[in-house]
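Reading the structure
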Amino acid sequence: MDQKTNETKGTIEIEAKVLRDMKAGEEQMALTIQNLADQLDEAQDELKTTKESLRVVTKDLRDTRLLLHSAVELQEKAEDTATACENVLKGFLMRWLTSENQEHVKTMLRFYHPVQRVKMMNALLTYLLFGKKMHLEREVEKTHFRIVCEKIDEDAVTLPSHSLMVNLMQKYGLFEKIND
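Attention in this report is confined to the structure presented alongside it. (Residues numbered from 1 in each chain as written. Predicted model: local features only at pLDDT ≥ 70, side-chain atom pairs only at ≥ 80, totals over all residues. Heavy atoms only, no water.)

Describing the packing of helix α2 (residues 99–110) against helix α4 (residues 139–156)
Cut-off, in case you're wondering: Every axis corresponds to a line fitted to the C-alpha atoms, with the helix fit spanning only the stretch in contact, and the corresponding angles, defined between N-to-C directions, vary from 0 to 180 degrees. Segments assigned H or I by DSSP are reported as helices when at least four residues long, segments assigned E as strands when at least two residues long, and all are numbered from the N terminus. We call two directions roughly parallel when the angle between them is under 35 degrees, roughly antiparallel when it is over 145, roughly perpendicular when it lies between 65 and 115, and oblique otherwise. Crossing chirality is assigned from the near helix's rotation relative to the far helix, an anticlockwise turn below a right angle marking it left-handed and a clockwise turn marking it right-handed. Contact criterion: two residues are considered in contact whenever any of their non-hydrogen atoms come within 4.5 Å of each other. Residues are grouped as follows: Ala, Val, Leu, Ile, Met, Phe, Trp, Tyr, Cys and Pro are nonpolar; Asp, Glu, Lys and Arg are charged; every other residue, Gly included, is polar.
Between α2 and α4, whose axes approach to 11 Å, the crossing angle comes to 165°. Classified by the interaxial angle, the pair formed by α2 and α4 is roughly antiparallel. As α2 packs across α4, the resulting crossing turns out to be left-handed. Contact residues: α2 offers Asn101, His104, Val105 and Met108, while α4 offers His144, Ile147, Val148, Lys151, Glu154 and Asp155. When grouped by side-chain class, the residues that make up the contact of α2 with α4 number four nonpolar, three polar and three charged.

Remarks on the packing of aromatic side chains
As a reminder of what qualifies: Stacked, tilted and edge-to-face pairs are distinguished by plane angle, under 30 degrees for stacked and over 60 for edge-to-face with tilted covering the rest, among Phe, Tyr and Trp rings (Trp via its six-membered ring) whose centres lie within 6.5 Å. Think of it in three bands: with a 1.4 Å probe and only protein chains considered, a residue is buried below 20% of the maximum accessible area for its type, exposed above 50%, and partly exposed in between.
One pass over the full model with this rule turns up two aromatic pairs. With 6.5 Å between their ring centres and 75° between their planes, Phe92 and Trp96 make a pair best called edge-to-face. The exposure class assigned to Trp96 is buried, which follows from its relative accessible area of 8%. A centroid spacing of 6.3 Å and a plane angle of 75° characterise the contact between Tyr127 and Phe145, whose relative ring orientation is edge-to-face.

Digging into the packing of helix α3 (residues 114–130) against α4
Between α3 and α4, the least distance of the axes is 10 Å, while the angle of their chain directions is 40°. Considering the angle they form, α3 stands oblique to α4. The handedness of the crossing between α3 and α4 comes out as right-handed. Residues Gln116, Met120, Ala123, Leu124, Tyr127 and Leu128 of α3 pack against Glu141, His144, Phe145, Val148, Cys149, Ile152 and Asp153 of α4. Residue classes in the contact of α3 with α4 are distributed as nine nonpolar, two polar and two charged.

See the structure below:
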């Protein structure tokens, strides 16, 4: 019986040790589960923040896309208007030149940026109509302006446009200043 009691005591001691180890493992697992739950909560909070940031960025992107689309449409309208103005100026300028000189001027203007092309034609028309030479920025523009002005001067006396200008001057006269 002593042997049975010793075996029972040993079993009880082993079972108590196993139970103690199991309780320690259970406590460790509970801490691990709690840590994982905390990490999951943090990850969920971060996910919510990220989702909100993504929503804001998506909205901003949509707004930017709409603005870009509007800007492209406005740019196209501006380019169409500029092209139309350029064509009107070019058409008016070409009336004062012979066919040969028109080709020469078109070749020169072809190498200019549209804005510089319009400025050049404005300067040429100002010279043509008012006899005033405008100041141009670049040396190449000044040279081209001088060349075209010479061609205008050569062509003006032989073209029908010169006759039109003479008729207008005779009809309306020249005014030094407007009297009140």
